[in-house]
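# A look at the structure
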Amino acid sequence: MTPAAVLAATPMSTGEMWVFIPLGILALVGALGMVAARNAVHSALFLVLTMLCLGVFYIVQSGPFLGVAQIIVYTGAIMMLFLFVLMLVGRDASDSLIETLRGQRVAAILLGVGFAGLVCVGLGRALAGTTAKGLAEANSAHGGNVQGLASLLFTRYVFAFEVTSALLITAAVGAMLLAHIERRKGERPTQPEQMRARFAPGNYPAPKAGPGVYATSDSVATAGLLPDGTLAARSIPEILPPRELTSSETAPKGTDR
Amino acid sequence: MNDLKLPAIDYAALAPMLILFGVACLGVLVEAAVPRARRGLVQVPLGLLGLVAALVFVIAEAGTRKRTAGEAIAIDGPALFLQGAIIVLGVVALLLIAERSLEPGGPFVAQPARPVGSEADRSQAAGEGGATEAYPLVMFALAGMLLFVAANDLLTMFVALEVFSLPLYLLCALARRRRLLSQEAALKYFLLGAYASAFFLFGIALIYGYAGAITFSRIHQAVTAGTGSGVLLFAGLALLAIGLLFKAAAAPFHVWTPDVYQGAPTPITSLMAACTKTAAFGALLRVLYVGFPGATWDFRPIIGVIAILTMLVGAVLAVTQTDMKRLLAYSSIANAGYLLVGVLAMTPEGVSSTLFYLVAYGFTVIAAFAVVTLVRDADGEATHLSRWAGLGRRSPLFAGVFTFLLLAFAGIPLTSGFTSKFAVFGAAFGGGQVWLVVAGVVTSMLLAFPYLRVVVMMWLSEPGESTPSVSVPGAFTSAALVIGVLVTLLLGVLPGPLLDLTTRAGDFVR
Amino acid sequence: MEHTVQFAPATGLLSGMWLLVALPAVSAAVLLLLGRRADRWGHWLGCLSVGAAFVLGLLSFFALRGQENRAVQLNLWEFISAGSFRVDFGLLFDPLSAVFVLLITGVGFLIHVYAVGYMEHDEGRRRFFGYFNLFVAAMLVLVLGNNYVMTFLGWEGVGLASYLLISFWYVRPSAATAGKKAFLMNRVGDAAFVIAIFLLFAQLGTVNFDGVANQVHTLSSGVTLMLGLLLLLGATGKSGQFPLTAWLPDAMEGPTPVSALIHAATMVTGGVYLIARSNFIFTANSTLQLVVVSVGALTLLIGAIIGCAKDDIKRVLAWSTVSQIGYMFLGVGLGGAAYALAIVHLLAHGFFKAGLFLGAGSVMHGMRDQVDIRRFGGLWKYMKITWVTFGLAWLAIIGLPPLSGFFSKEPIIVAAFERKDWTAWLFGIAALLGAGLTAFYMTRLFMLTFHGPKRWTDDIEHPHESPPIMTIPLVLLAVGSVAAGGLMVGPVPKWLTPVLGHEVRGEAVLAHSAITILAIAVTLIGAGLAYLLFRDGTATAPQPAGALVTAARKNLYIDAFNEAVFEKPGIFLTRALVFLDGKGIDGAVNGIAASVGGGSGRLRRLQTGFVRSYAMSMLTGALLVVAAFLAVQYGWFA
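None of these values were measured; they are calculated from a predicted model. (Residues numbered from 1 in each chain as written. Chains lettered and ligands numbered in written order. Predicted model: local features only at pLDDT ≥ 70, side-chain atom pairs only at ≥ 80, totals over all residues.)

Turning our attention to the overall build of chain C. What chain C contains, in helices and strands, is 25 helices and three strands. Residues classed as buried in chain C amount to 59% of the 638 residues present. Put simply, 81% of the contacts in chain C that link residues at least 6 apart link residues at least 24 apart. (Helix = DSSP H or I, 4+ residues; strand = E, 2+ residues; numbered from the N terminus. Buried ≥ 20, exposed ≤ 12 C-beta atoms within 10 Å, placed from the backbone. Contact = placed C-beta atoms within 7 Å.)

A separate point is the overall build of chain B. Along the backbone of chain B there are 20 helices and five strands. Over its C-alpha trace chain B gives a radius of gyration of 22 Å, about what one expects of a compact globule, namely 24 Å for 510 residues. Along the first, second and third principal axes, the C-alpha set of chain B runs to 70 × 55 × 40 Å. Residue burial in chain B is summarised as follows: out of 510 residues, 71% are buried. (Rg over C-alpha atoms; globule rule 2.2 N^0.38 Å.)

Residues and elements named next belong to chain B. Packing of helix H17 (residues 416–430) against helix H18 (residues 434–460) leaves a shortest axis separation of 8 Å and a crossing angle of 155°. Viewed along their axes, H17 and H18 adopt a mutual orientation that is roughly antiparallel. Viewed along their axes, H17 and H18 form a crossing whose handedness is left-handed. The segment H17 lies against H18, with Lys421, Phe425, Ala428 and Phe429 engaging Val434, Leu436, Val437, Gly440, Val441 and Ser444. Split by residue class, the contact of H17 with H18 holds seven nonpolar, two polar and one charged. (Axes fitted to C-alpha atoms, helices over the stretch in contact; angles between N-to-C directions. Parallel < 35°, antiparallel > 145°, perpendicular 65-115°, else oblique. Left-handed = near helix turned anticlockwise from the far one by under 90°. Nonpolar A, V, L, I, M, F, W, Y, C, P; charged D, E, K, R; others polar.)

Turning our attention to the interface of chain B and chain A. Across the boundary between the two partners, chain B contributes 39 residues, which contact 32 residues of chain A. Mapped by element, the contributors of at least two residues to the side of chain B that touches chain A are helix H1 (11–33), helix H5 (134–150), helix H6 (154–172) and helix H9 (230–248) of chain B. Ranked by residue count, the leading element in the side of chain B that touches chain A is H6(B), at eight residues. Among the residues forming the side of chain B that touches chain A, the class breakdown is 28 nonpolar, six polar and five charged.

This paragraph deals with the interface of chain C and chain B. Facing 61 residues of chain C, the contacting portion of chain B comprises 63 residues. Of all the elements, helix H25 (residues 611–633) of chain C adds the most residues to the side of chain C that touches chain B, at 15 residues. For the side of chain C that touches chain B, a count of residues per class yields 41 nonpolar, 14 polar and six charged.

Most peptide bonds take the trans form, and the phi angle of most residues other than glycine is negative. Residue and element names in this part refer to chain B. Looking along the chain, the bond that leaves alanine 251 and enters proline 252 is cis, with omega of 0°. For proline 252, the position within the fold is in the loop between H9 and helix H10 (256–263). The backbone phi angle of alanine 249 is positive, close to 60°, even though this residue is not glycine. The class for alanine 249 is buried, based on 30 C-beta atoms found within 10 Å. Non-glycine residue methionine 346 carries a positive phi angle of around 55°. Tracing the backbone through its elements, the reader meets methionine 346 in the loop between helix H13 (324–343) and helix H14 (348–374).

All right, on to the domain arrangement of chain C then. If you check the domain split of chain C, you get domain 1 (285–553) and domain 2 (611–638). Measuring from the centre of the C-alpha atoms in domain 1 of chain C to the corresponding centre in domain 2 of chain C gives 59 Å. (Domains from an automatic or database assignment.)

The next thing to look at is the sheet that holds strand E3 (residues 375–377) of chain B. Residues and elements named next belong to chain B. Ordered in space as E4-E3-E5, the three strands form an open sheet in which the pairing is antiparallel. Two strands bound the open sheet, and with one partner strand each, they are strand E4 (380–381) and strand E5 (469–470). When E3 meets E4, the two strands line up antiparallel, connected through two bridges. Pairing of arginine 376 across the sheet is with glutamate 381, part of E4. (Pairing = 2+ DSSP bridges.)

Residue and element names in this part refer to chain B. A rise of 1.5 Å per residue sets the reference length of H9, with its 19 residues, at 27 Å; its end C-alpha atoms lie 26 Å apart and thus fit the reference within 8%. Of all 19 residues in H9, 19 are buried; the element is thus mostly enclosed. Following H9 by one or two positions, alanine 249 adopts a phi angle in the positive range, close to 60°. (Expected span 1.5 Å × (residues − 1).)

Another aspect to go through is the packing of H6(B) against helix H7 (residues 179–211) of chain B. All names here are of chain B. Packing of H6 against H7 brings their axes to within 9 Å, and their N-to-C directions diverge by 175°. Here H6 is positioned roughly antiparallel relative to H7, judged by the angle of their axes. Between H6 and H7, the residues in contact are Leu154, Phe158, Leu161, Glu162, Ser165, Tyr169 and Cys172 and Ser182, Ala185, Ala186, Tyr189, Phe190, Gly193, Ser197, Phe200, Leu201, Ile204 and Ile207, respectively. Here the contact of H6 with H7 is composed, by residue class, of 13 nonpolar, four polar and one charged.

Compared with an ideal rise of 1.5 Å per residue, which puts 17 residues at 24 Å, H5(B) spans 25 Å between its outermost C-alpha atoms and is within 8% of the ideal. The element H5(B) is extensively covered by neighbouring structure, given that 17 of its 17 residues are classed as buried.

Once that is clear, we can look at the environment of B:Leu137. Looking at the element boundaries, B:Leu137 is found in helix H5. With 27 residues separating them in the primary sequence, B:Leu137 and B:Phe164 have C-alpha atoms 9.0 Å apart. Once residues lying within four places of it in the same chain are set aside, the contact partners of B:Leu137 are A:Thr170, A:Val173, B:Pro167, B:Leu170 and B:Leu171.

Turning our eyes to something else, we now look at the environment of C:Leu34. Along the chain, C:Leu34 turns up in helix H1 (residues 18–34). In sequence terms C:Leu34 and C:Gly303 are 269 residues apart; their C-alpha atoms lie 42 Å from each other.

Residue and element names in this part refer to chain C. This prediction gives chain C a mean pLDDT of 80; 85% of its residues lie at or above 70. Per-element averaging of pLDDT across chain C places helix H24 (residues 600–605) at the bottom with 33 and helix H11 (residues 270–277) at the top with 90. Considering only residues more than four positions removed or in separate chains, one finds that residues 580–608, a stretch of pLDDT under 50, has 47 contacts. For this predicted complex, the interface confidence comes out at an ipTM of 0.89, alongside a pTM of 0.83. (pLDDT = per-residue confidence, 0-100.)

Written out as structure tokens, the structure reads:
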């Protein structure tokens, strides 16, 4: 349900209102930020923000189980896993964020706003007179929120619940299928082969040099210097452009005095 | 705290689904336990046996009309008929999937994870045995479809939707040739499918807000009682319909169809065209006939406009296509429009004619894609239309068979295409939907043109140097082709028995 | 309808009437499926099957004469049954179907034999006979079906066969375009026919001829009118009548035997058959009859006027066919006795028009496929048999007594004068005028082709007569052209009485003899004028001409009309949909007539579909659908 509809529809307690208004704004900011951020890690973090706000909303609306699950499972586990994967894989610098379709963004924004407006206005008018029932009744029927959910899952929706396992198996099979390359005996290089390849001409057998550590800069983007004073391209990650130190940076800073 | 009581579950009625889920899980175990070279030998009989066993249970339950598993599942006439249809069509599609003689190694790539164009990829293109994981995925998809047409509440329906969609997304990515196209298709299908699912879920939420329940009988009560806010009802119904029409490939939610049909391995395309369409329309029938018949007067004009748009888009854009698989995709879109015409009759005849249409179309389309798998050159299937020119001279038998199938699509009498179109239009006319019938007749006349253009091209033009040869089909493809063509002919000449069956199977339980 | 229509079950020889359809159908299947193995003997099998069907038709005809109820049906199996609705795969052999069966198989057999010679040097001869047999089988289903669905089945079948045969010389782009045009214009008519069938089904619950005939009086006059107009539109599509005229002359791109059989003698008369068969519907509503008569009169004039201006021998004959079928429509529209007269004209026309087309084919055969009559002349010396037979058919079509055209056409003109109000003058004079124009353009055609100075192209030195296998059918058809009319004008209407009702003649506004004299006079004037103008040949290049001739050369702008009304919106619609689809299909989309084939450029563009633009079009759809539902909720549409 959209926040506007809720605002329009139900009388809220003051506490709920004071929780809802700032968190609602934050949730929206997170959602917009997720779409607009240029960096995938930033996007993920914005999503975390929105999910946290949603979790709080669930709890405030007397759905503690869902709220906690939202925070622990989605925000805590899934999004963190997502972040790890993003950081491990690294953002490929070749990703282009330039929109090539003319008018696509404008049209998409207009349509999105139009759709949201349509639904909000419609729901706002529809729900103007209704009072929310809340979950109190449902929660008490089975002795609590968790018990109530459990009883639904294991009675009326037991088949659907069990069938979701098919979804999980499919997902696992699919991940294996699309991501895992099975190497057979002949394909996997043996240890002697690996050694020979390492010392073969053209390969650099030693560990790569670390980035340069200078008094003025110890960024990973600053290349180390080779003995002849040139920059060692190998000392920085491939996706970063090697940065030549400017003359002001290399100039004596007066600390040698 | 009070005790939980498990709802009564009629395992016999659920047996077809349980069997297929079981077979799918077994199939996954086979992948783990059996050496690679022999997996295909185990998977194919396992899948076929499972489908036959499921079909036996469907037939044994033929008279059942009940709800089970806590009202979550309705086993009634349409559900059983559609389950039977999905299983039989699934058997035929599985035959195509299992074919290994056309292409060394079968239609699937051996290791989908290998980067396209790498050395390992080039070596696997030439005959390495295809990924046998496809079989359990197909079983999962079919099991999900069986559940989809029997789901009696929106939550179960949604879970079933995801259960049968996810394996299809994966299967689309497994083509042996033109892998980039195939992977692109899978990704598009996945993204847009997820997008459509979101609409569906939003719809469920609004309907729950309206009726206070998501079981179809309760929704029906609420709609007929007319309590609650109409906005919730109609916005919810609109969003639900969008989710279902996406799967059914109705305009403007059809956009994925041509790309996905073209990119997916052709046997999978046939599975999608036949079985997914059946499942999607089965669910649409149930939602509209069981849940929302009280709102008929409100949704009919809107979905009617969608139906007309769908027929128009399919018919007109089919004319401009230059690729056989895309042409068949647009034809499948147009057929979704005709099916919608049958659905919108909102009469018992509407149900039975739609059921009939689904079966008739399913067999024809599988056979058509079977022919597409046969027309190939050194680079795999030759799907560009210009390559089909003069095929009648090269291989009169297959060109003849394909001509017959195209005539069936065009709705020429004495094929199932004619009887099925006649049935849905007749039902819609009987239901007072003259405007839909007029639009349907006019577009079907138009739609015959691209088909006949292909017929003329195959028979009347000279084979060029680039005209590919037609491979001799293996036993599996031959079987699928023969079944498809025979059913198309039989339903065109003697549709009586199946029409009777659909009439008897037309009663929903609520 | 006062009397109840009832069909007797078939017994004895008549229970074998399914063989009539099966013989050519099986032969077609053999020819098309056996492939090259049948190349050597395929054409003889094709002839034999049609000949056998003719013999069987003749036997059935005599068997029917011995029956008390001259309408015999044979229900082979239940075709479609849904609830109370039931359609049988049933055949009906009654006087009307009998005469059509004899025409189709008889003339069809002669044309088949002729085609053996005509197609001798074409490597696709076996396939040609396959399609030809397919056509005959479908045409027989059309006239033998005992319900509208069966008729439609045959209707689609002949449309399909005709499309394939027009496009037979596929390499010629004009042939492909003509095939498309024929196909699309026929589809307009077919759509109307289908909707008429659904209307019958919805209103009466049956589509059987007997059921409809017995219940048609229960329909309101509005429904009857609607039904009749839909059937009429279907009939105009198949018969090349106004407004769906333009495809028929273009269909001449096919081989000449096709033009003779399909586009002159049989298929194009399907519309006349449909109206005659549905006489109970058309008789029930006088407005409807007026519309049919108007269509007939208009088309007969259009066809005759354009026929005067054309220089292509087959196109002149094609427009003449359009015009003659206009006479038939005029006849069936007049109702009463004129139904039978239209059928008589149809039969007579079948003979002489087939003869004319085959004669034209013979001329083309000898003149290296030249079709321009300005490039003929003086051929009578070189093709004696063709000259004589063509001449007899010419005299027959212009309606000179005592040849068949006179006996079949003149009564229709008389019947037009027998209408009850002032329209008698209108339609009577139109029919008379048509007769004069017919005489003019046919004489022009005859004179320019066979007489006058030689205007041949340089590559022709010695035109030759065609081989006997082509001339014998010509001779037989010429005999038919001479004798058929006189022989049929008495007995055929009597024979058709059980189907078409009893003869009720009105009072003509002019004396019968006066009309006859007028008709002959008009014919002689037209023919004489043409003789005077064209006895010395004509220029071989187009001459500047006045407005009317220019208009006639341009098919009276019917093509331009079609383009504006049908084609342009089609192109626009296609463009719009392609645009909406978000697909970059390039400018090669020429509306409905998009060209096949395509270069690598198009292949590259196939995958310009971005998933985000797809998602956006879905969102647009979602927005509209939700908005529409909410609009319904708030009653914004009401």
